[in-house]
Amino acid sequence: MPQPPSEPQATPTILRIVAFLRPVHNPAFSIEPAQVSKFEELPGYRPMPDPLSEIALEGALGLRDSSPEPATVIACSAGGTPCQAALREALACGADEALWIHCSTGEPDAWIVAAHLSAFFRHSRIGLALFGARDLDTGAGAVGPMFSALAGLPFLDGVTGLKWTGGGRLEATRSRGSIRERIRLTLPACVSIHRGPPLRYPTLEGKIRSERTPLQPCAVDPGPVAPSLERERFSPPKPARASAAADYAKVSSLDRIRQAYGMSGSGQKAAGSQVLRLPPDEASRKILQILKEEGFLDPGRAEPRPRPGEKE
Amino acid sequence: MSSGACWVLVESQTGRICRESLEALSAARVLTQQTGSEMVALWVGAESPEARSAYLASLGVRRVRWVGKVADGDPACEGLLARIEALYRCGPPLFFLFGPTPLSLSLAPRLAAHVGAGYACRITNLRSIGGRLVMTRPLVQGTLSELLRFPSGRPGLICLSPRSFDLPKPFSDAEPLPLAIEDTAPFLPAPPPSSLLEILESVREPASRVAIEDAEIVIAGGRGMRSREGFALLEQLAELLGGAVGASRIAVDLGWAPKEKLIGQTGAKVAPDLYIACGISGAHQHLQGMKHSRAVLAINTDPMAPIFRIATWGIVADASEVVREILHRSRETENHHAATP
C-alpha cells in the first residue's frame, strides 16, 4: 500500500565554512628547475600545506566550534595530486569534509583555480570562504580576491581575527600597517586571513578518519578558461633587488670563493655588504645617509623632498 | 583594443606618493622606454595631484587621471574598484602596474577577474624581449625564478615585489613635457559601499604597538644596548622610522623587553624590509627569526660577529652610542627645519 506523502520538513540551515588549502613545496627536498612541474613524482616526496592556508583552516575550525548555529567546515583544494596531503591533514585536524577539485589544464595559475572554484560553488551555497593571505611558494595571494570577484562575494583582506557577534554576523579585526579596524561582516563573504593562531594538532581519531576517507577529485567544467600567464622557462634565482646585482659585481671572485667555502678573512661579510669601523658620530651620519638613500627615513614621505622652485 | 599606454596606480597619503607607487613608476619608466608606450598615472588620494604634477612629469608621466580616494566606510574598496574598472573598459592599457601595497594586492586581482585580464604578482624584474614583456617571479620559496609572459594580445596587470625596483630619479636633461590632469570622479560615480561590510572602529596605533610581524622596519636590540635605558632608545628610533621594536633572547632574559618582542627560533619570525640589529651578535637561533629580512643593518662592536655575515650594511661601533647620536642628529635636523621659514 503506498504511503501518503509526508509533510515536507524544514531542514535546518547549516553554515558552510570553506577553507581553501594550497599545497606548497616542502623545503626539506631540494629541487632543480627541470623538476618543478613534476616534483610530486620524486620518490618519497611529500608536499606540505601552505602555512597561511593552515591558519585559515584553524580560523574556520574555531568559528565552527564557537558558532551559535550548526556549522560545517569544508577543506577545499584545487590542483593535482599534492592536494591530497593537504586535505588529509585538514581532515585529521578536524575538518568535516574534504573537497578536491581537479584542474585539468596542466599547472594551474590563480585565474584557473579561481575559475574552477567559482564554477564548483556556483550552485552550492557558501556561508564563509577563508583563504590564506598569500602562499609560501610565490608570495602571491590572488585566488581569494579573484574567487570573490567571480562569485560576487564581498571580499575582506588582511584579517587577523574573527568572532561571532550574533544574528549570524561576524566581527573581523584587520591590521593594515599601523591602522587597526574592526569590521562587521554579514554572510556570505570571502575573507583572506593575514594572521591567526596556528593550526591545532591532529587527533588520533581524526588521523584514522583521514586515512579511511577516500579522496576522489571532482571534475568541474569552468567553461572556456584560458591561462592568464604563460611560463617561458625557469631560471636560477636572481638578486631580489635590482641594485644588488651591481653590488654583487663589485665583489671579487676570490671573496666569493672564500664565502662559498665559509672561509674567514675578507670573506667574513656577505657578498655586496659593507662593514665599516667608524666612531659613533660618523657611524650615525653614515646610517642616516643609508636610510635616506634607501627611502626608509621619514615614513610616508618616501618621495624625495621637492626640488628648489617646486611647489611643496 | 589597447590604447598603447602603460598605467600605474599611484597611491598618495597626505599628498605624498607612497614608496611602493614610486617603485611602480620606476618600473613603468623602464617599460615605456622599451616599448615606446605612454605612461599614465591613476592617482588615488584625497588631495588633487596638482601639487605633485611637476614631479610626476619629471619622472616621465604624460597624463594623470585622478580616480578619487578609498571612501570612508568602504573596507572592500568596491567604489574605487568600480571606477578603475570603468576607466579600464573605456580603453584598456597595454600594461597596468601596481606597487605591492595592501590596496593594490586587494584591487588588482579582482580587477583582473572582472575584466578578464592577465595578472602577475610579486614580479621582481621586467623587460621587453622581441616586443613581448617577460617578467621574473621567484618560485618555490625563492629557490628558483620563473620567467612569465602574458598570452599574446591579452593586456596584463602586474603587481611588483616589494623593494625590487629602486626609487625613480627625475630626468635631469630637458624640461619635462606638460602634464595633462583629468579628474575622473565626476564622470564615474561610484556605487554605494556594500552593506555587507561595515566598519565599526578604525584606530591608528602608535609605532611601538604595531606587531613586529607586520612592521616594515624592525629595530631589534641585544646585550650591546648595555642597559634598560639604552634599550629604551630603540623605542624612540622606532618612532622616528615608523617601525617596531624587537629583542634578542638575552635582552628579554635581562628584562629589557617583554617576551612578545622576542625574535628568533622560539619567538617571532619577521621578514621586514629593513632589520636594524643593534648590539646583536647574531646567534643561530636569532638568525632563524629574521633571516628573511630584505635588508639588514647591523651595529656591533665585534667585527667578527656572525650578524655581519648576513648584513647588507655593517657598522663596527657601540650600538647604544650610535643610536643616541642618530636621535640627536635627527632632532637637530627637525629643529633646523622648524626654524627655517
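Every chain begins its residue count from 1, and numbering advances along the sequence as written. For this description, chains carry letters from A and ligands carry numbers from 1, given in the order in which they are written. Residues qualify for local features only when their pLDDT is at least 70, as the model is predicted, and side-chain atom pairs are given and counted only at 80 or more; totals for whole chains, interfaces and linings, by contrast, use all residues. As a convention, hydrogens and water are excluded, and side-chain values are obtained from all of the structure's heavy atoms.

Draft legend 1. Fine view of the overall build of chain A. Segments assigned H or I by DSSP are reported as helices when at least four residues long, segments assigned E as strands when at least two residues long, and all are numbered from the N terminus. Counting its secondary structure elements, chain A contains 8 helices and 13 strands. Each residue's exposure class comes from its accessible area (1.4 Å probe, protein chains only) as a fraction of the maximum for that residue type: buried when under 20%, exposed when over 50%, partly exposed otherwise. By residue count, 45% of the 312 residues in chain A fall in the buried class. Each accessible area value is a Shrake-Rupley result obtained with a 1.4 Å probe; residue values ignore everything except the protein chains displayed when judging cover. Surface accessibility of chain A: about 16,100 Å² in total, with carbon and sulfur atoms responsible for 54%.

Draft legend 2. How the structure looks around the overall build of chain B. Helices and strands together make up the secondary structure of chain B, namely 9 helices and 17 strands. Looking at chain B as a whole, 58% of its 341 residues are labelled buried. In this analysis, two residues are considered to be in contact whenever any of their non-hydrogen atoms come within 4.5 Å of each other. Restricting to contacts in chain B with at least 6 residues of sequence separation, those with at least 24 account for 63%. Total accessible area on chain B is roughly 13,600 Å²; 52% of this is exposed by carbon and sulfur atoms.

Draft legend 3. Seen up close, unusual backbone geometry. Residue Pro188 of chain A is bonded to the preceding Leu187 of chain A through a cis peptide linkage, with omega at 5 degrees. Relative to the helices and strands, Pro188 of chain A is located in the loop between β9 (179-186) and β10 (189-193). With a phi close to 55 degrees, Cys77 of chain B is a non-glycine residue in the positive phi region. Positive phi, normally seen in glycine, also occurs at Arg122 of chain B, with a value near 55 degrees. For Arg122 of chain B, the location among the structural elements is in strand β6 (residues 118-123).

Draft legend 4. View of the sheet that holds β9 of chain A. Ordered in space as β11(A)-β5(A)-β4(A)-β1(A)-β6(A)-β10(A)-β7(A)-β8(A)-β9(A)-β12(B), the 10 strands form an open sheet in which the pairing is mixed. Looking along the sheet, the strands with just one partner apiece sit at the ends: β11 (218-219) of chain A together with β12 (197-204) of chain B. With 5 bridges joining them, strand β6 (residues 128-132) of chain A and β10 of chain A adopt parallel strand pairing. Bridge assignment links Leu128 of chain A to a residue of β10 of chain A, and that residue is Ala189 of chain A. Axis lines are fitted to C-alpha atoms, over the contacting stretch for helices. Their N-to-C directions set the angle, which ranges from 0 to 180 degrees. With respect to the sheet, helix α3 (residues 110-120) of chain A is in contact with β1 (15-20), β4 (71-79), β5 (97-102), β6 and β11 of chain A, its orientation differing from that of β5 of chain A by roughly 125 degrees. Contacts from helix α4 (residues 143-151) of chain A reach β6, β7 (155-166) and β10 of chain A within the one sheet, and its direction differs from that of β6 of chain A by about 155 degrees. For two strands to be treated as a pair, DSSP must find no fewer than two bridges joining them.

Draft legend 5. Structural context of the side chain of Arg174 of chain A. Of note, Arg174 of chain A is situated in strand β8 (residues 169-176). Judged by relative accessible area, Arg174 of chain A falls into the buried class, the value being 2%. Non-local contacts of Arg174 of chain A, meaning those with residues more than four positions away in its chain, are made with Leu156, Asp157, Gly158, Val159, Thr160, Ile179, Arg180, Glu181 and Ile183 of chain A together with Pro75 of chain B.

Draft legend 6. Fine view of the interface of chain B and chain A. Counting from both sides, the interface comprises 95 residues of chain B and, opposite them, 94 residues of chain A. Here, a salt bridge means any side-chain nitrogen of Lys or Arg that lies within 4 Å of a carboxyl oxygen of Asp or Glu. One can count 4 salt bridges joining chain B with chain A. When the shortest N-O distance is used, the salt bridge between Arg184 of chain A and Glu198 of chain B registers 3.1 Å. Polar contact criterion, stated in full: a pair of N or O atoms within 3.5 Å, where within protein one must be able to donate a hydrogen and the other to accept it, and residues adjacent in sequence count only if both atoms are side-chain atoms. Summed over the shared surface of chain B and chain A, the result is 12 residue pairs in polar contact (both at pLDDT 80 or more). Sort the elements by how many residues they give to the side of chain B that touches chain A and helix α4 (residues 102-115) of chain B lands first, with 9 residues. We call Asp, Glu, Lys and Arg charged. Ala, Val, Leu, Ile, Met, Phe, Trp, Tyr, Cys and Pro are nonpolar, and the rest, Gly among them, are polar. Taken together, the residues of the side of chain B that touches chain A sort by class into 54 nonpolar, 17 polar and 24 charged.

Draft legend 7. Representation of the nonpolar core in the model. As used here, the term nonpolar core means buried Ala, Val, Leu, Ile, Met, Phe, Trp, Tyr and Cys residues forming a set that is joined through side-chain atoms within 4.5 Å. Counting residues in hydrophobic clusters, the biggest one holds 56 residues, and the most contacted among them are Leu117 and Phe147 of chain A together with Phe96 of chain B. Excluding anything up to four places from it in sequence, Phe147 of chain A contacts Ala114, Leu117, Ser118, Phe121, Ile126, Ala129, Phe131, Leu153 and Cys190 of chain A. Leu234, Leu297, Ala317 and Leu327 of chain B belong to the second-largest nonpolar core, a separate cluster that totals 39 residues.

Draft legend 8. Broad picture of the pairing of strand β14 (residues 244-247) of chain B. Residues and elements named next belong to chain B. Neither face of β14 is exposed, since Ala244 and Gly246 on one face and Val245 and Ala247 on the opposite face are all buried. By the bridge criterion, 4 bridges tie strand β13 (residues 217-221) to β14 in an arrangement that is parallel. Along β14, the bridge assignment pairs Ile219 with Val245.

Draft legend 9. The arrangement of the environment of Tyr275 of chain B in detail. Residues and elements named next belong to chain B. For Tyr275, the location among the structural elements is in strand β15 (residues 274-278). A C-alpha to C-alpha distance of 6.2 Å links Tyr275 and Ala295, two positions 20 residues apart in sequence. Not counting chain neighbours up to four residues away, the residues in contact with Tyr275 comprise Val218, Ala220, Ile263, Val270, Ile280, His286, Met290, Ser293, Ala295, Val296 and Leu297.

Draft legend 10. Up close: the sheet that holds strand β9 (residues 144-149) of chain B. With antiparallel pairing, the 4 strands of this open sheet are ordered in space as β12(A)-β9(B)-β8(B)-β7(B). Edge strands, defined here as strands with exactly one partner in the open sheet, are β12 (230-235) of chain A together with β7 (125-129) of chain B. When strand polarity is set aside, the average angle formed by the axes of neighbouring strands in this sheet is 30 degrees. Across the sheet, helix α1 (residues 19-35) of chain B touches β7 and β8 (132-139) of chain B, and the angle it forms with β7 of chain B is around 5 degrees.

Draft legend 11. Representation of the pattern of salt bridges. By the definition in use, this model includes 17 salt bridges over all chains. Glu230 of chain A is paired through a salt bridge with Arg132 of chain B; the nearest N and O atoms lie 3.5 Å apart. Placement of the pair is Glu230 of chain A in strand β12 and Arg132 of chain B in strand β8, with the two residues belonging to separate chains. Salt-bridge contacts for Arg249 of chain B lead to Asp253 of chain B; the nearest nitrogen and oxygen are separated by 3.6 Å.

Draft legend 12. Highlighting helix α1 (residues 51-66) of chain A. Each helix should span, by expectation, one fewer than its residue count multiplied by 1.5 Å. Here α1 of chain A is 16 residues long and its end C-alpha atoms lie 23 Å apart, about the 22 Å a rise of 1.5 Å per residue gives. What α1 of chain A keeps buried is the set Leu52, Ser53, Glu54, Ile55, Ala56, Leu57, Glu58, Ala60, Leu61, Leu63 and Arg64 of chain A.

Draft legend 13. Broad picture of the side chain of Ser293 of chain B. Residues and elements named next belong to chain B. Note that Ser293 resides in the loop between α7 (284-290) and β16 (295-300). Relative accessible area serves as the criterion here: at 11%, Ser293 is assigned to the buried category. Apart from the residues within four sequence positions on either side, Ser293 is in contact with Val270, Ala271, Pro272 and Tyr275.

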